[in-house]
Amino acid sequence: MSIKWLTDTIYVGTSTIDKVGIFSSLPILTGETIYHVIGQLVTAEFSEQFAKMGPNWIGMSKEVWLDPDPTNPMTFMNHSCEPNAIVTSGPQVMALKPICPHEEIVMDYSTTEIDPYWSMPCNCNNHSCRQLILPYQFLPVELRRLCRVYMLETLLADVISENALTFNPAVRYE
Ligand SMILES: [Zn+2]
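Worth saying up front: this structure is predicted, and the values here are computed from it rather than measured. (Residues numbered from 1 in each chain as written. Predicted model: local features only at pLDDT ≥ 70, side-chain atom pairs only at ≥ 80, totals over all residues.)

> Teacher, can you tell me more about the sheet that holds strand 2 (residues 10-14) here?
Neighbouring strands of a sheet are bound in pairs by backbone hydrogen bonds; such pairs are parallel or else antiparallel. Across the sheet, which stays open at both edges, the five strands sit in the order 1-2-3-11-8 with mixed pairing between neighbours. One side of each edge strand has no neighbouring strand; the edge strands of this open sheet are strand 1 (4-5) and strand 8 (78-79). Bridge count for strand 2 against strand 3 (residues 20-24) is five bridges, and the pairing is antiparallel. Residue pairing for strand 3: threonine 14 is matched across the bridge by valine 20. (Pairing = 2+ DSSP bridges. Helix = DSSP H or I, 4+ residues; strand = E, 2+ residues; numbered from the N terminus.)

> Please clarify how the sheet that holds strand 7 (residues 64-68) should be interpreted in this entry.
The strand order 5-7-6 describes an open sheet built from three strands, whose pairing is antiparallel. Lying at the two open borders of the sheet, with one neighbouring strand each, are strand 5 (39-43) and strand 6 (58-61). Pairwise comparison of adjacent strand axes, ignoring direction, gives a mean angle of 35° for this sheet. Where strand 5 and strand 7 come together, five bridges link them in antiparallel fashion. Bridging from a neighbouring strand, glutamine 40 pairs with aspartate 67 of strand 7. (Axes fitted to C-alpha atoms, helices over the stretch in contact; angles between N-to-C directions.)

Pasting the structure below:
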């Protein structure tokens with residue numbers, strides 16, 4: 001397996017979720033900052049067509065995303081329905097639980113997306129896999145409560161102001 005170092009401790013390696021993912025050579029403690037997300041801001045109106053772009057982008061607020069630099073770990077970070085990390089203010093990626101050396105670092109993509117047109121199939125094979133990954137506002141209420149403590153305040157503020165909770169995904173996904 002060929003690996004590519006992105007920082008002193010974070011590397012890109014072979015993943016069981018997708019072709020590649022990110023890993024740490026050192027143990028990471030709960031609450032520890034794993035890395036900072038660095039990139040370019042992208043602004044566009046929410047639309048069905050636009051939602052298919054930028055699979056690695058993270059939502060910053062309504063219709064604003066951060067497109068990570070090609071060498072930033074976010075470019076390679078996979079989604080899991082049982083994440084061990086989350087994007088929090090900074091923006092930075094923080095550990096939600098202790099992460100062992102060479103264990104894949106994963107996040108829940110629903111915690112960085114409020115675009116009502118966005119969705120993604122998931123095959124993470126976890127017991128709790130939601131199979132169709134939808135934006136934050138469509139997460140089960142318990143999960144929203146757990147995540148919102150850490151999530152970007154600008155993103156959460158726009159979910160509420162946008163009244164996106166009235167959107168009915170069944171109309172689009174049946
Ligand atoms: Zn899943």
